[in-house]
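Secondary and tertiary structure notes
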Amino acid sequence: MHPAFSVIFLTTLIGVGQGLFLALYTGQLYALANLLPAQSSNFYAVGSMVSLALLFAGLIASFFHLGHPERAWRAATQWRTSWLSREVLALPAAMGLIFLYGTVHFFDLTKPLFVISGTLPVDFSLIMGGLGTFAVFGLFLCTAMIYASLRFIKAWYSPLTVANFLFLGVASGFMLAAAFSAYQGTSLVGFYGTWAVIATLFGLLTRVATLYRNGQFRCKVDLKSAVGVHHSQLEQKAQGFMGGSFNTREFFHGRSQGLLNLIRYAFLLMVFVVPVILILLAYVLESETLPLLAFGIQYLGLILERYHFFTEAQHPQNLYYQSMA
Amino acid sequence: MTQLALVIDLNVCVGCHACVTSCKEWNTSGWAGPMTDQRPYDADPTGVFFNRVQTYEAGVFPNTETYHFPKSCLHCEDPPCVPVCPTGASYKREDNGVVLVDYDKCIGCKYCSWACPYGVREFDEQQKVMKKCTLCIDRITDMTLPESERKPACVLACPTRARIYGDIHDPDSEVSVAIREQGGYALQPEWGTKPSNHYLPRRKTRIQIHEDELVRVDNPLKKEELPTLPDVGETLDDVAW
């Protein structure tokens with residue numbers, strides 16, 4: 001497939017935003033259980049706004065993918081059958097709940113509403129955060145299922161696609177949370193950094209498994225089945241045009257194998273290796289800037305990772321556009 | 001229920017592209033138009049077509065066979081492009097099974113083209129919506145036309161009658177009989193999309209006949225030349241002569 005930068009930025013930016021929100025809420029839950037020092041409401045409010053800004057940036061990027069963005073509201077109608085439509089509903093839902101979560105913290109509306117079993121005080125932020133967590137996981141699922149539900153594109157048609165989107169989003173979000181805590185001078189850098197490394201390692205596992213899987217399989221249809229001429233030496237002589245068409249532009253990446261190999265090694269280093277080393281160094285050196293650098297490098301790596309994700313997909317329609325004589 | 005479709009006879013198609021040009025001519029100015037072009041008179045022309053004719057060659061020279069392969073939307077009975085559409089712009093008509101795009105609802109996200117394994121949808125770069133074969137829905141449903149003309153433009157244009165049009169759910173229709181009796185097949189049947197359009201394979205008429213069926217062995221009136229006998233002296237057969 002031809003990688004579309006609008007979709008690359010959409011999926012990576014909202015992944016970071018969702019991960020950052022999960023990191024904030026995880027931090028709040030740990031603080032509630034007295035496992036971590038409680039943070040100022042400002043920390044959660046500003047963090048939520050950063051998360052919201054990232055989701056909004058992703059939303060803007062997605063509009064560049066559309067031929068008619070002014071009709072985008074129509075995309076909410078077919079949620080019964082289309083994962084794309086479900087994503088269109090899940091994204092604003094998550095944004096709304098994250099906004100409410102941030103607002104509740106900003107205005108300090110964190111007086112407990114009621115107490116469960118005398119130990120767990122429940123306030124607005126806990127409820128909004130809980131609902132937001134559901135929406136964020138739903139959004140991860142919808143975004144990944146857009147690709148994982150296309151049964152013709154075997155490189156994507158796998159639960160691994162969902163796992164990759166989830167782990168890579170969470171990893172980059174926790175990485176940003178670590179950078180954010182370092183920037184704010186809070187004591188959560190080690191906590192977020194540890195979880196970022198764990199999510200990154202899970203991501204490494206599923207992403208490498210995906211690469212291995214995609215290097216192994218063969219498409220179940222071939223040219224014989226596509227044309228219906230069962231001759232072992234069947235070759236295309238003409239595509240029906242000389243100047244290219246939508247079919248030759250949208251479904252071919254047109255990049256050399258050498259460049260793709262380079263991109264693959266680059267994203268494996270930038271997403272999985274360098275950030276983990278940097279975050280460990282930051283922990284040892286107690287650096288404030290290294291977590292930010294770790295996040296920056298991981299995000300750039302994720303752009304390459306998503307680019308590679310599109311080039312991995314072999315569309316069966318390409319069988320009809322193999323050669324011109 | 002009716003399922004309108006084309007049956008394309010690869011035994012007859014000569015690859016003249018008359019269906020391609022007549023399709024573009026009819027549809028660019030009709031209900032499904034315009035079918036825009038970019039740089040039509042320049043070095044790198046491209047544009048929207050609902051129908052393309054490709055050419056394939058089987059075998060190695062000199063034992064080759066050329067196949068001209070018209071390729072358009074197959075109007076699948078279980079179209080994978082329809083449920084993925086987020087706006088409902090892609091739909092399958094209930095009454096005749098034709099798969100269509102509502103240009104006024106399409107947001108141009110191209111997701112339907114990703115979901116089609118046949119690559120028969122084409123994005124209009126100028127109108128920014130997805131387009132595809134309509135089976136000339138504005139012709140075939142136009143009751144003001146005489147019935148003989150209520151057919152897709154490509155079918156009417158085909159000089160070799162390689163394209164047959166009809167209802168594949170009606171067992172007695174011309175298309176159903178052709179599929180049944182002449183080995184009609186679907187493209188990429190592995191996916192289970194149940195394409196409505198079918199193709200008829202290249203057919204050769206050969207009879208199974210052996211050498212001894214052409215030469216009478218007994219030859220009583222000596223009408224045919226006597227077989228030359230090996231020089232091994234008299235045999236038992238010589239006695240009978």
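Residues numbered from 1 in each chain as written. Chains lettered and ligands numbered in written order. Predicted model: local features only at pLDDT ≥ 70, side-chain atom pairs only at ≥ 80, totals over all residues. Heavy atoms only, no water.

In the nomenclature of an unreviewed UniProt entry, chain B is known as Ferredoxin of endosymbiont of Escarpia spicata.

Chain A is annotated in an unreviewed UniProt entry as DMSO reductase of endosymbiont of Escarpia spicata.

A look at the packing of helix 9 (residues 257-285) of chain A against helix 10 (residues 290-312) of chain A
Residues and elements named next belong to chain A. Relative orientation of the contacting elements helix 9 and helix 10 amounts to 160°, with a least axis distance of 8 Å. Comparing the axis directions of helix 9 and helix 10 gives the class roughly antiparallel. Considering how the two elements wind past one another, helix 9 and helix 10 form a crossing that is left-handed. Classifying every residue of the contact of helix 9 with helix 10 by side-chain character gives 22 nonpolar, four polar and two charged. (Axes fitted to C-alpha atoms, helices over the stretch in contact; angles between N-to-C directions. Helix = DSSP H or I, 4+ residues; strand = E, 2+ residues; numbered from the N terminus. Parallel < 35°, antiparallel > 145°, perpendicular 65-115°, else oblique. Left-handed = near helix turned anticlockwise from the far one by under 90°. Nonpolar A, V, L, I, M, F, W, Y, C, P; charged D, E, K, R; others polar.)

Let's talk about a nonpolar patch on the surface
All names here are of chain A. Judged by side-chain polarity, Leu 29, Leu 32, Phe 106, Phe 107, Leu 109, Leu 113, Phe 114, Ile 116, Leu 120, Phe 124, Ile 127 and Leu 131 come together as a nonpolar surface patch covering roughly 1100 Å² of accessible area. Of all elements in the fold, only helix 1 (5-32), strand 1 (114-116) and helix 4 (124-148) reach the threshold of two or more residues within the nonpolar patch. Broken down by element, the residue count for the nonpolar patch peaks at three residues, all from helix 4. Relative to the helices and strands, Leu 120 resides in strand 2 (residues 120-122). (Patch = residues over 30% accessible without salt bridge, like charges linked within 9 Å, V, L, I, M, F, W, Y side chains within 5 Å. Areas by Shrake-Rupley, 256 points an atom, 1.4 Å probe, with all protein chains shown as cover. Salt bridge = Lys/Arg side-chain N within 4 Å of Asp/Glu carboxyl O.)

A look at the packing of helix 1 of chain A against helix 3 (residues 83-106) of chain A
Residue and element names in this part refer to chain A. Packing of helix 1 against helix 3 leaves a shortest axis separation of 12 Å and a crossing angle of 40°. Taken together, the axes of helix 1 and helix 3 are oblique relative to one another. For helix 1 against helix 3, the interelement crossing comes out left-handed. Judged by residue contacts, Leu 10, Ile 14, Phe 21, Leu 24, Tyr 25 and Gln 28 of helix 1 engage Glu 87, Leu 91, Ile 98, Tyr 101 and His 105 from helix 3. Taken together, the residues that form the contact of helix 1 with helix 3 break down as eight nonpolar, two polar and one charged. (Contact = heavy atoms within 4.5 Å.)

A short note on the layout of surface pockets
Taken as a whole, the largest pocket spans an internal volume of roughly 460 Å³. Ser 62, Leu 66, Leu 84, Glu 87 and Val 88 of chain A are, among the 24 residues lining the largest pocket, the residues nearest its centre. When residues of the lining of the largest pocket are traced back to their parent elements, those giving at least two are helix 1, helix 2 (41-63), helix 3 and helix 4 of chain A together with helix 2 (111-114) of chain B. It is helix 3 of chain A that contributes the most residues to the lining of the largest pocket, five residues altogether. Each residue belonging to the lining of the largest pocket can be placed in one class, and the counts come to 19 nonpolar, four polar and one charged. Volume-wise, the second largest pocket comes out at about 390 Å³. As for the second largest pocket, its lining consists of 20 residues, of which Asn 214, Phe 217, Thr 311, Glu 312 and Gln 314 of chain A are closest to the centre. Counting only elements with at least two residues in the lining of the second largest pocket, the list comes to helix 6 (189-216), helix 9 and helix 10 of chain A. Taken together, the residues of the lining of the second largest pocket sort by class into eight nonpolar, nine polar and three charged. (1 Å grid on protein atoms, 1.4 Å probe; cavity = no way out; pocket = protein on both sides within 12 Å on 5 of 7 lines; lining within 4 Å. Points joined across faces, edges and corners; volume = space filled by probe spheres on them.)

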